[in-house]
Amino acid sequence: FTVLALAVTVIQFIPPEPVVVPAQLPPEQRDSHRLLNFEGIHNLRDLGGYATADGRQVQWGKLYRSANFAEATPADLAALSQLGLAAFIDLRSTPEKAEEPNRLPDPLPFDVVEIPILDEGNQALVGEVMERVESGDFAGFDPGQRMQQANRQFASVFTPQFRQLFATVVAADGAPVLWHCTAGKDRTGFA
């Protein structure tokens, strides 16, 4: 017990590995560090380096995407300042925010913009999925079809929300912007 307690105590005081920000690395090293190594913020990625249709590429250190910040550690919050964010966009619904509130720096060094997607326009889809999960009845349920339906809604039902997201990016005038949802893959990925 003593050895275990000592080990836990020592581990708690080992400083976390510093967050590596791709934009601060030589160009040849950036791709391998696209996924930033935050402790409690999952799926935080720099969207720099991707080729554009006109043969150029997205600038590093300007656009970030991630999952929620509910489990952000104090080290994560300190490292977040390295990104120099102008805007932080939360795409989660009101219930998602209530269930897992973001942990953010205090005072906030960036503007928080809440653009809820799936709040009201998707209650029928979400309601049916939740009923099936609770009942355990998945007869006739096609998850692939449901995901396609949700992605179509991003383009058709939630156009105003995505328009607001892009207006926020444009208003940042080249300063870094981060957007996220719960897992950082569906709404965030679509954006």
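The structure we're discussing is the one just above.
Structure report, in brief. Just so it is clear, the structure is predicted and the values come from calculations on it, not from any experiment. (Residues numbered from 1 in each chain as written. Predicted model: local features only at pLDDT ≥ 70, side-chain atom pairs only at ≥ 80, totals over all residues. Heavy atoms only, no water.)

Some points on the packing of aromatic side chains
Where we set the bar: Between 30 and 60 degrees the pair is tilted, below 30 it is stacked and above 60 it is edge-to-face, where a pair is any two Phe, Tyr or Trp rings, Trp via its six-membered ring, whose centres lie within 6.5 Å.
Applying the stated criterion across every chain yields a total of five aromatic pairs. Between Phe154 and Phe162, the aromatic rings sit 6.0 Å apart at their centres with planes inclined by 65°, giving edge-to-face as the arrangement. Through a chain of ring-to-ring contacts, the aromatic side chains of Phe69, Phe88 and Phe110 assemble into a single cluster.

Describing the pattern of salt bridges
Short version of the rule: Salt bridges are identified by distance alone: a Lys or Arg side-chain nitrogen within 4 Å of an Asp or Glu carboxyl oxygen. Secondary structure elements follow DSSP: runs of H or I no shorter than four residues count as helices, runs of E no shorter than two count as strands, and numbering proceeds from the N terminus. Only protein chains enter the accessibility calculation, which uses a 1.4 Å probe; a residue is then buried when its area is under 20% of its type maximum, exposed when over 50%, and partly exposed in between.
Tallied over the entire structure, the rule returns six salt bridges. Ionic pairing is found between Lys97 and Glu114, a salt bridge with its closest N-O pair at 3.2 Å. Of this pair, Lys97 sits in helix H4 (residues 94–99) while Glu114 sits in strand S4 (residues 111–114), placing them 17 residues apart in sequence. Lys97 sits in the buried class, given a relative accessible area of 15%.

Structural notes on the environment of Pro18
Among the secondary structure elements, Pro18 is positioned in the loop between helix H1 (2–12) and helix H2 (27–30). Each C-alpha atom of the pair Pro18 and Leu36 lies 9.9 Å from the other, and the pair is 18 residues apart in sequence.

Side note on the environment of Gly189
Tracing the sequence through the fold places Gly189 in helix H8 (residues 187–190). Gly189 gets classed as partly exposed once you look at its relative accessible area, which sits at 34%.

Some details on the environment of Asp31
Test applied: Pairs of N or O atoms within 3.5 Å make up the polar contacts considered here, provided that, within protein, one atom can donate a hydrogen while the other can accept it, and that residues adjacent in sequence are counted only when both atoms are side-chain atoms.
With respect to the helices and strands, Asp31 occurs in the loop between H2 and strand S1 (45–46). Judged by relative accessible area, which is 53%, Asp31 ranks as exposed. Along the sequence, Asp31 and Asp46 sit 15 residues apart, while their C-alpha atoms lie 9.1 Å from each other. A polar contact is formed between the side chain of Asp31 and the side chain of Arg34, at a distance of 2.9 Å.

A short note on the side chain of Asp90
Test applied: Contacts are residue-level and defined by heavy atoms, with any inter-residue pair within 4.5 Å sufficient.
Tracing the backbone through its elements, the reader meets Asp90 in strand S3 (residues 87–90). For Asp90, a relative accessible area of 3% translates into the label buried. A polar contact is formed between the side chain of Asp90 and the side chain of Arg92, at a distance of 2.9 Å. When near neighbours in sequence (up to four residues on either side) are disregarded, Asp90 contacts Lys97, Asn102, Val113, Glu114, Ile115, Pro116 and His180.

Observations concerning the sheet that holds S3
Which entries qualify depends on this criterion: For two strands to be treated as a pair, DSSP must find no fewer than two bridges joining them.
Strand order in the open sheet formed by five strands is S1-S2-S5-S3-S4, and the pairing between neighbours is mixed. Edge positions in the sheet fall to S1 and S4, since each of these pairs with one other strand and no more.

Points about the nonpolar core
To keep it simple, the criterion reads: Nonpolar core, defined: a set of buried Ala, Val, Leu, Ile, Met, Phe, Trp, Tyr and Cys residues in which side-chain atoms within 4.5 Å join the residues together.
Within the largest apolar cluster, 17 residues are counted, with the highest numbers of intra-cluster contacts made by Leu36, Phe38, Leu44, Tyr64, Phe69, Leu83 and Leu85. For this core, the leading source of residues is helix H3 (residues 74–80), giving three residues. In this structure, Ala87, Ile89, Leu165 and Trp179 belong to the second largest nonpolar core, which totals 16 residues.

Observations regarding unusual backbone geometry
Apart from glycine, the bulk of residues carry a negative phi angle, and the bulk of peptide bonds sit in the trans form. Note the cis peptide between Asp106 and Pro107, where omega equals 5°. Tracing the chain through its elements places Pro107 in the loop between H4 and S4. In this structure, Asn43 is a non-glycine residue whose phi angle is positive, near 60°. With respect to the helices and strands, Asn43 occurs in the loop between H2 and S1. You can call Asn43 partly exposed: its relative accessible area is 24%.

Details of the pairing of strand S2 (residues 63–66)
Strand direction decides the pairing type here: S1 and S2, joined by two bridges, are antiparallel. Its bridge partner lying in S2, Asp46 is registered against Tyr64. Pairing of S2 with strand S5 (residues 177–180), which is carried by four bridges, proceeds in the parallel orientation. Within the sheet, the bridge partner assigned to Tyr64 lies in S5 and is Leu178.

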